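What the coordinates show
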Amino acid sequence: MPVCPGTAVTPVGRPDSHHPDGDDLIRSVIRTILGAPSHISPPVGSVSSSTVILRAYIKETAVAVQAAAGALPASDPRREPAERSAAEALHRVNALGPGSGLRSAFDHARGLALAAQELRDQRELLRDGGQPC
């Protein structure tokens, strides 16, 4: 039920308001950034908010992927790619920044989106026991 009749405004956290869960949100952010034309930068607010979401997701997911990969036997073919993906994603978060200007910030967000997508894939492989392609 909307807070103000005749509007679509609903209070945060109410059962009748739609809030995507974490996986839906990160998929949406990845799709938004990677689906944007590379020759046209999206609005600055979209880039900065997407970057914040991607950075938080990567920090949390990379640690989980590292832990899951570390629990695998050294001979497991999923271990090395998962560890490499987590290390690369954390490097992008901790050592690389958005640079100066919208173009640079958008390129940085695209790199984070690619790293987040790779982490999602590795997490699923580790969770489902699948084999890498």
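In case you missed it, the structure is sitting above this.
Rules used in this analysis
- Residues numbered from 1 in each chain as written.
- Predicted model: local features only at pLDDT ≥ 70, side-chain atom pairs only at ≥ 80, totals over all residues.
- Heavy atoms only, no water.
- Core = buried A, V, L, I, M, F, W, Y, C linked by side-chain atoms within 4.5 Å.
- Buried < 20%, exposed > 50% of the residue type's maximum accessible area, 1.4 Å probe, protein only.
- Helix = DSSP H or I, 4+ residues; strand = E, 2+ residues; numbered from the N terminus.
- Contact = heavy atoms within 4.5 Å.
- Axes fitted to C-alpha atoms, helices over the stretch in contact; angles between N-to-C directions.
- Parallel < 35°, antiparallel > 145°, perpendicular 65-115°, else oblique.
- Left-handed = near helix turned anticlockwise from the far one by under 90°.
- Salt bridge = Lys/Arg side-chain N within 4 Å of Asp/Glu carboxyl O.

In terms of nonpolar packing, the biggest core is built from 27 residues, with Leu54, Ile58, Val65, Ala116, Leu119 and Leu126 touching the most fellow members. Listing elements by their share of this core, those giving two or more residues are helix 1 (22-35), helix 2 (44-70), helix 3 (79-94) and helix 4 (102-128). Element by element, the count of residues in this core is highest for helix 4, at nine residues. Once residues lying within four places of it in the same chain are set aside, the contact partners of Leu54 are Ile26, Val29, Ile30, Ala109, Leu112, Ala113 and Ala116.

Taken N-terminus to C-terminus, the directions of helix 2 and helix 3 make an angle of 155°; their axes are 9 Å apart at the nearest point. Taken together, the axes of helix 2 and helix 3 are roughly antiparallel relative to one another. Once helix 2 is placed against helix 3, the crossing between them reads as left-handed. Side by side, helix 2 and helix 3 meet where Arg55, Ile58, Lys59, Ala62, Val65, Gln66, Ala69 and Gly70 of the first sit next to Arg79, Ala82, Glu83, Ala86, Ala89, Leu90, Val93 and Asn94 of the second.

This part covers the pattern of salt bridges. Enumeration according to the criterion identifies eleven salt bridges in this entry. Notably, a salt bridge pairs Asp24 with Arg27, separated by 2.3 Å at the nearest N-O pair. Of the two residues, Asp24 and Arg27 are both situated in helix 1; the distance of three residues between them amounts to about one turn of the helix. A relative accessible area of 31% places Asp24 in the partly exposed class. Residue classification places Arg27 among the partly exposed positions, given a relative accessible area of 32%. One salt bridge connects Arg127 with Glu124, and the closest N-O pair in it is separated by 3.1 Å. In this pair, Arg127 and Glu124 both sit in helix 4, three residues apart, roughly one turn of the helix. For Arg127, a relative accessible area of 54% translates into the label exposed. Among the residues examined, Glu124 registers a relative accessible area of 25% and is labelled partly exposed. If you follow the salt bridges from partner to partner, you end up with Asp23, Asp24, Arg27, Arg120, Arg123, Glu124 and Arg127 in one network.

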